[in-house]
Amino acid sequence: AFLDRIDAHNEELNAFLHVDREGALATAREVDERRAAGEQLPRLAGVPIALKDNIVTRGMPTTCASAMLAGWLPPYDATVVTRIKAEGMPILGKTNMDEFAMGSSTENSAFGPTKNPWDHTRIPGGSGGGSAAAVAAWLAPLALGSDTGGSIRQPGAVTGTVGVKPTYGAVSRYGLIAMASSLDQIGPVARSVTDAALLQDVIAGHDPADSTSLTDVPGDLAAAVSEGLDLTGVRIGVVRQLQGEGYQAGVLAAYTDTIEQLRAAGADIREIDCPSFEYALSAYYLIMPAEVSSNLARFDGMRYGMRVEPEHGPVTAETVMAATRGAGFGDEVKRRIILGTHALSAGLYDAYYGAALKVRTLVQRDFAAAFDEVDFLISPTAPTTAFVFGEKSDDLMAMYLNDVATIPANLAGIPAMSIPCGLASEDQMPVGFQILAPARADDRMYRLAAAVE
Ligand code: GLN
């Protein structure tokens, strides 16, 4: 049924870059046979899933929506893919994204943008717009995304789906093509909090192949969701810095309505000051490109995907690398590599990268102080609803500002998720409600999400 919906709608939406009809059906048939034979199967056996195209899949194209990797077939599976296969979940295919996960609108894909299923003139968010659109349009019941600065949560917000960034280290990054390794985290995209919890239970867990993988990952999130949460006296902090100026009126109205419902249910709502959040976006746009410049050095025209030889002059490692990178990377990727290389260069390192790391520590301290006072923090997930294609592509600051509410969680490594909280009055587009919890308290975060939902 999902493959049929993909056939009917993907040409218009462009949510999938690759569909594996045969592979998905083969897994589904195998699950049917095992079930018919009376075998006890895992919880999500037979439930199809879509994967963001920066998660490597053995023998299935993985492009990061870049010309650089067009046609590349990975020789191995990411750990999350191994887990999904062991669960018996058919993999429907790979979803569109901003090139190498850099963007907030999916307009940076080398293979054309994905459309928002709610309104085809609008962006589906980014970088994981393909996964969010696939789930919102019911082309897939579940998907995986990756979140470096909001790429699961913001697409979730603007497509009316649930998007979760787990605690850093809860889900293995082995086989996730790295953007900024200290910020990247794989997480679920789903239509309900329960579905997201079931999926995180499948993908989370210690992995010796990822040196930042946690050994004490919070378990059984689905059980936490069914347990729910009595809101009486639960202390919830409204982040003062993540509201007001720059936020669309209809977004704030839907957000405030939800807060009032929490208050009516007995929650103790407090305003919380996080003064360094003002500098979080600037710090992110130094730390992230610094890591990008290093991580993307591996695309040298020799090891993976595209290889372009120079038109003139000698063919050396350096000239092949320059010609390949010039042809293979899009503008945004080049911009970030140049910015990051500059910020890391001798003489500027302390002023830029060093200063950004200090801000990162201050953001972590703000969270630590806040979580001494409250059990959760909340904010709108994104300052606006889905914008119209082209509206922000010429104004980088406006595009980057979209991430203002999602970035602090990545800088601190804490779990955060976006759940739908109604439509904005101006444009009848979905609004996302963000919940943040202390590191390793993913179970607590899911319990509040279930109560809000
Ligand atoms: N929009 C942010 C950026 O462009 C977030 C990207 C992400 O989380 N992968 O960097």
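Up top is the structure.
Calculation rules
Residues numbered from 1 in each chain as written. Predicted model: local features only at pLDDT ≥ 70, side-chain atom pairs only at ≥ 80, totals over all residues. Near = placed C-beta within 6 Å. Nonpolar A, V, L, I, M, F, W, Y, C, P; charged D, E, K, R; others polar. Helix = DSSP H or I, 4+ residues; strand = E, 2+ residues; numbered from the N terminus. Expected span 1.5 Å × (residues − 1). Buried ≥ 20, exposed ≤ 12 C-beta atoms within 10 Å, placed from the backbone. Arc of directions from axis to C-beta. Contact = placed C-beta atoms within 7 Å. Pairing = 2+ DSSP bridges. Right-handed = clockwise from strand over helix to strand, strands pointing away. Core = buried A, V, L, I, M, F, W, Y, C linked by C-beta atoms within 7 Å.

**A word on the site of the ligand**
Move 1: Taken together, 13 residues sit near the ligand, with Ala101, Ser104, Thr148, Gly149 and Ser151 positioned nearest.
Move 2: Residue composition of the shell around the ligand, by class: four nonpolar, seven polar and two charged.

**Topic: helix H2 (residues 21-36)**
Move 1: When the terminal C-alpha atoms of H2 are compared, their 22 Å separation across 16 residues agrees well with the 22 Å that a helix rising 1.5 Å per residue should span.
Move 2: Those residues of H2 that fall on the buried side of the exposure criterion are Ala24, Thr27 and Val31. Looking down the long axis of H2, one finds its buried residues gathered within 65 degrees of arc, a one-sided arrangement. For H2, the exposed residues set more than 90 degrees away from the buried face come down to Arg21, Glu22, Ala26, Arg29, Asp32, Glu33 and Ala36.
Move 3: Packing partners of the buried residues in H2 comprise helix H1 (2-13) and strand E3 (91-95).
Move 4: Trailing H2 by a residue or two, Gly38 shows a phi angle of about 85 degrees, which is positive.

**Some words on unusual backbone geometry**
Move 1: Geometrically, the link from Gly126 to Ser127 is a cis peptide bond, its omega value of 5 degrees lying close to zero.
Move 2: Within the secondary structure layout, Ser127 lies in the loop between E3 and helix H4 (129-136).
Move 3: Within the chain, Thr106 stands out as a residue other than glycine whose phi angle is a positive 65 degrees.
Move 4: With respect to the secondary-structure elements, Thr106 resides in the loop between E3 and H4.
Move 5: Positive phi, normally seen in glycine, also occurs at Arg440, with a value near 70 degrees.
Move 6: Examined against the element boundaries, Arg440 turns out to sit in the loop between strand E11 (430-436) and helix H15 (442-452).

**With respect to the pairing of E3**
Move 1: Extensive coverage of E3 is indicated by the burial of five of its five residues.
Move 2: Direction of pairing for strand E1 (residues 16-19) relative to E3: antiparallel, over a ladder of three bridges. The partner of His18 across the bridge, within E3, is Lys94.
Move 3: Looking at chain direction, strand E2 (residues 49-52) and E3 are connected through four bridges and run parallel. The partner of Ile49 across the bridge, within E3, is Ile91.
Move 4: Assessed by its sense of winding, the connection that carries the chain from E2 through helix H3 (residues 79-87) to E3 is right-handed.

**Some remarks on the nonpolar core**
Move 1: Core analysis: the largest hydrophobic core is formed by 139 residues, its most contacted members being Ile49, Ala134, Ala140, Ala143 and Ile435.
Move 2: Per-element tally for this core: the top contributor is helix H9 (residues 280-295), with 10 residues.

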